[in-house]
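For reference, the chains in residue letters:
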Amino acid sequence: MSEPHQDADFVLRRFRRQLRRAWWVVPLAGAACAVAGIVGLPRDYTSTVTLEAAAEEGVLSSAELVVPMPPLNVDVAAISSDRFENEVSDRIGSSVNATVLAAGNVVTITVESSSQQAVSEAVAAYVEGFTSSRRTSMDQELDKVAANLDFAQQENLKRIAEIDAELASVTDATGSLAQALLYDRSLAATENVKVSRQIDAVAAVREDPTAGVSVGDANDPKASGVTVSRIIPGVSLGIILAIGLLYLLAVLDHKVRSRADLAGLTGLDVLGVLPNRGADDLDQRVVALISAQAKGRGASAALLVPIDAAAQRSDALARLVSAAGDGLDLGLADNIGGDRSVLASDVPLVLVAAAGATTAEAVEHAASDLALAGRTVLGSLLVDVAPSDMRHAVGSDRRRSRLY
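Residues numbered from 1 in each chain as written. Predicted model: local features only at pLDDT ≥ 70, side-chain atom pairs only at ≥ 80, totals over all residues. Heavy atoms only, no water.

Turning our attention to helix 9 (residues 280-296). The first and last C-alpha atoms of helix 9 sit 24 Å apart over 17 residues, in line with the 24 Å expected at 1.5 Å per residue. Of all the positions in helix 9, only L282, D283, V286, V287, I290, S291 and A294 are classed as buried. Residues of helix 9 that are buried sit in contact with strand 6 (270-274), strand 7 (301-306), helix 11 (315-323), strand 8 (329-332), strand 9 (349-354) and strand 10 (377-383). Of the residues trailing helix 9, G298 is marked for its positive phi of about 75°. (Helix = DSSP H or I, 4+ residues; strand = E, 2+ residues; numbered from the N terminus. Expected span 1.5 Å × (residues − 1). Buried < 20%, exposed > 50% of the residue type's maximum accessible area, 1.4 Å probe, protein only. Contact = heavy atoms within 4.5 Å.)

It is worth spelling out the pairing of strand 2 (residues 96-103) at this point. Relative to strand 3 (residues 106-113), strand 2 runs antiparallel, the two being bridged by 8 bridges. Residue pairing in the sheet places N97 in a bridge with E112 of strand 3. Linking strand 2 back to strand 3 in an antiparallel pair, the connection comprises 2 residues, with G104 at a positive phi of about 65°. (Pairing = 2+ DSSP bridges.)

Before going further, it helps to examine the sheet that holds strand 7. The 5 strands lie next to each other as 6-10-9-7-8, forming an open sheet whose pairing is parallel. Edge positions in the sheet fall to strand 6 and strand 8, since each has one partner strand and no second. Each neighbouring strand pair of the sheet contributes to a mean axis angle of 20°, computed without reference to strand direction. In this structure, strand 6 lies alongside strand 10, joined through 4 bridges in parallel fashion. The residue bridging G272 from the neighbouring strand is L381, located in strand 10. Each of strand 6, strand 9 and strand 10 touches helix 8 (residues 259-266); the most contacted strand, strand 10, lies at about 150° to it. Where helix 9 meets the sheet, it contacts strand 6, strand 7, strand 8, strand 9 and strand 10, and its direction lies at approximately 160° from that of strand 6. (Axes fitted to C-alpha atoms, helices over the stretch in contact; angles between N-to-C directions.)

Take the confidence of the model for the protein chain next. Looking at the protein chain as a whole, its pLDDT mean stands at 77, while 82% of the residues score no less than 70. Mean pLDDT values over the elements of the protein chain span from 38, in helix 14 (residues 396-400), up to 89, in strand 9. Low confidence marks residues 1-6, where pLDDT is under 50. Its contacts with residues over four positions away, or in another chain, come to 14 contacts. Low pLDDT, under 50, characterises residues 388-404; the stretch is placed with 40 contacts to residues that sit more than four places away or in other chains. (pLDDT = per-residue confidence, 0-100.)

This is the structure in structure tokens:
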């Protein structure tokens, strides 16, 4: 024999009834937890900064030198990694969530954290990280440019030295050869001046920490408003808690409270659901139904058997005995828990349980004992002990007076 709280059908039936009766608790709990989440959860702050990287024509166009700028994807990837985000979080002592987007040569960084100070520090860290990565990429390109310029300067100086040597060997300083050499030397010297200016420009860029990246002003950290991410967890938690509470109440409640409970536990037809007071027409119908069941088994008598003392106290049983006519000899036994002699009776029996008082375990034991004793059981009755109990115990069964 299983414990009543281990009977899945009994618990699920009770749980469904709890949901029907207190369904409003579920949305109410969801709404309450959503409000608590909106009010009680710490608010996040967000700030955005825009950076503009130098275009591909480079930062040295004023020096008549084009530096092919590296693509932004390497630098964007450097500050978009989880590793960099964790480093920033450790540095400022607060969790950070950042989004980095690149469009053309413009990079937008949006940082979210739990405090205004943390957001401001995180924005500064991300700007520093991007500019540092960008300068590293630029320095690699500038190294190549500087190497080419140094080579060009050495070649120019070598060419000037060669021209000077040839001029020294020319005897006619006004001749055509000397004039041609002087012209070539002028061109080489002009080119050398240009290369020297470009070398100086490259050196100046190396020393300028802001070259290649223009940093816009970060907007003031803004507190997050009411968002779906704050509402959904609260609603979900409230619904789960409410449903869990109703299920727990169903598990802990072992009392028989409805027609379905009694029928499911005994496997017998429920012949009636009777209030404690004042239901003469219903009493007559139940007596007629008991009489029909008894005659169907060739008997003219039946015995009401309360399962426990609570069922025995119901006034409905005495009314049924009084309502029985000459065609049915209806008796009332002591409850089966206190008087086991009923198991030896040859009279067909009707099991009686008290709504809201008789336990599921007692019903199961009584039905099992009668089955083992081979007794003829016509069906079962669910009776009230007090008027207030019936309203809560049998609910719609009482209002509709369903007998079968």
